[in-house]
Amino acid sequence: VQLQASGGGLVQAGGSLRLSCAVSGRTFSNYVMGWFRQAPGKEREFVATITRRGSSTYYADSVRGRFTISRDNAKNTVSLQMNSLKTEDTAVYYCAASVVAGLPLTVDEYGYWGQGTLVTVSS
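What you see is a predicted model; the values in this text were computed from it and never measured. (Residues numbered from 1 in each chain as written. Predicted model: local features only at pLDDT ≥ 70, side-chain atom pairs only at ≥ 80, totals over all residues. Heavy atoms only, no water.)

This paragraph deals with a nonpolar patch on the surface. Together, Tyr 58, Leu 103 and Leu 105 line one region of the surface with nonpolar side chains, adding up to about 230 Å² of accessible area. Here Tyr 58 lies in strand 6 (residues 57–59). (Patch = residues over 30% accessible without salt bridge, like charges linked within 9 Å, V, L, I, M, F, W, Y side chains within 5 Å. Areas by Shrake-Rupley, 256 points an atom, 1.4 Å probe, with all protein chains shown as cover. Salt bridge = Lys/Arg side-chain N within 4 Å of Asp/Glu carboxyl O. Helix = DSSP H or I, 4+ residues; strand = E, 2+ residues; numbered from the N terminus.)

For the coordinates displayed, the defined rule picks out four salt bridges. Its salt-bridge partner being Arg 37, residue Asp 89 comes within 2.9 Å of it at the nearest N-O pair. One end of the pair, Asp 89, is in the loop between strand 8 (77–82) and strand 9 (91–98); the other, Arg 37, is in strand 4 (residues 32–38), with 52 residues separating them in the sequence. Just as Asp 89 is buried, Arg 37 falls in that class too. (Buried < 20%, exposed > 50% of the residue type's maximum accessible area, 1.4 Å probe, protein only.)

With that settled, consider the environment of Arg 37. Judged by its relative accessible area of 5%, Arg 37 is buried. For Arg 37 and Ser 55, which are 18 residues apart along the polypeptide, the C-alpha to C-alpha distance reads 23 Å. At a separation of 2.9 Å, a polar atom in the side chain of Arg 37 contacts the side chain of Asp 89. Separated by 2.9 Å, the side chains of Arg 37 and Tyr 93 make a polar contact. (Polar contact = N/O pair within 3.5 Å; in protein donor to acceptor, adjacent residues only side chain to side chain.)

On to the pairing of strand 5 (residues 45–50). Across the six residues of strand 5, five count as buried, placing the element largely inside the fold. One ladder, built from five bridges, connects strand 4 with strand 5; its direction is antiparallel. Residue pairing for strand 5: Gly 34 is matched across the bridge by Thr 49. Taking the residues that link successive antiparallel strands as the turn, the strand 4-strand 5 hairpin has six residues, and the phi of Gly 41 there is positive, at about 75°. (Pairing = 2+ DSSP bridges.)

Formed by 36 residues in total, the largest nonpolar core has its most connected members in Met 33, Trp 35, Leu 80, Met 82 and Tyr 93. Elements supplying a minimum of two residues to this core: strand 1 (2–6), strand 3 (17–24), strand 4, strand 5, strand 7 (67–72), strand 8, strand 9 and strand 11 (117–122). Top contributing element to this core by residue count: strand 9, with five residues. (Core = buried A, V, L, I, M, F, W, Y, C linked by side-chain atoms within 4.5 Å.)

A few words now on the side chain of Asp 89. A residue is classified by how much of its surface remains accessible, and Asp 89, at 0% relative accessible area, is buried. The contacts of Asp 89, once residues within four sequence positions are left out, are Arg 37, Arg 66, Phe 67, Ser 84, Val 119 and Val 121. (Contact = heavy atoms within 4.5 Å.)

Under the definition given, this model contains one disulfide. Covalent S-S linkage joins Cys 21 and Cys 95, the inter-sulfur distance amounting to 2.1 Å. Given an S-S torsion of about 60°, the disulfide between Cys 21 and Cys 95 has right-handed geometry. Here the residue Cys 21 occupies a position in strand 3, and Cys 95 occupies one in strand 9, the gap between them amounting to 74 residues. (Disulfide = S-S within 2.5 Å.)

From the geometry alone we can't say anything about function, so treat these as descriptive.
Printed below as a string of structure tokens:
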């Protein structure tokens, strides 16, 4: 399966961005989808995940209430709406796909990764 993330850019603190990830190659609805991020000098960290049919989601504490993950199984896309952005949200954001049941939260549980899209939040 191939993943292509887009939508990153430069935004001021308090602003919004919407990331998208297009998935191809396999049946999209077979995969749990997630977003991760990696800031300079830091490890990649979990941001959000959504189940195969979109019925359940889970967020990192740092983004809960500000970010929303969604998916469109007809269009093979997963999105991350980011509101009230903070400077500490600056990172490369990655979409990922997992065959693990439930709501996988760790990097190792995701077998497929996109190339990443850079989000920079200025003060």
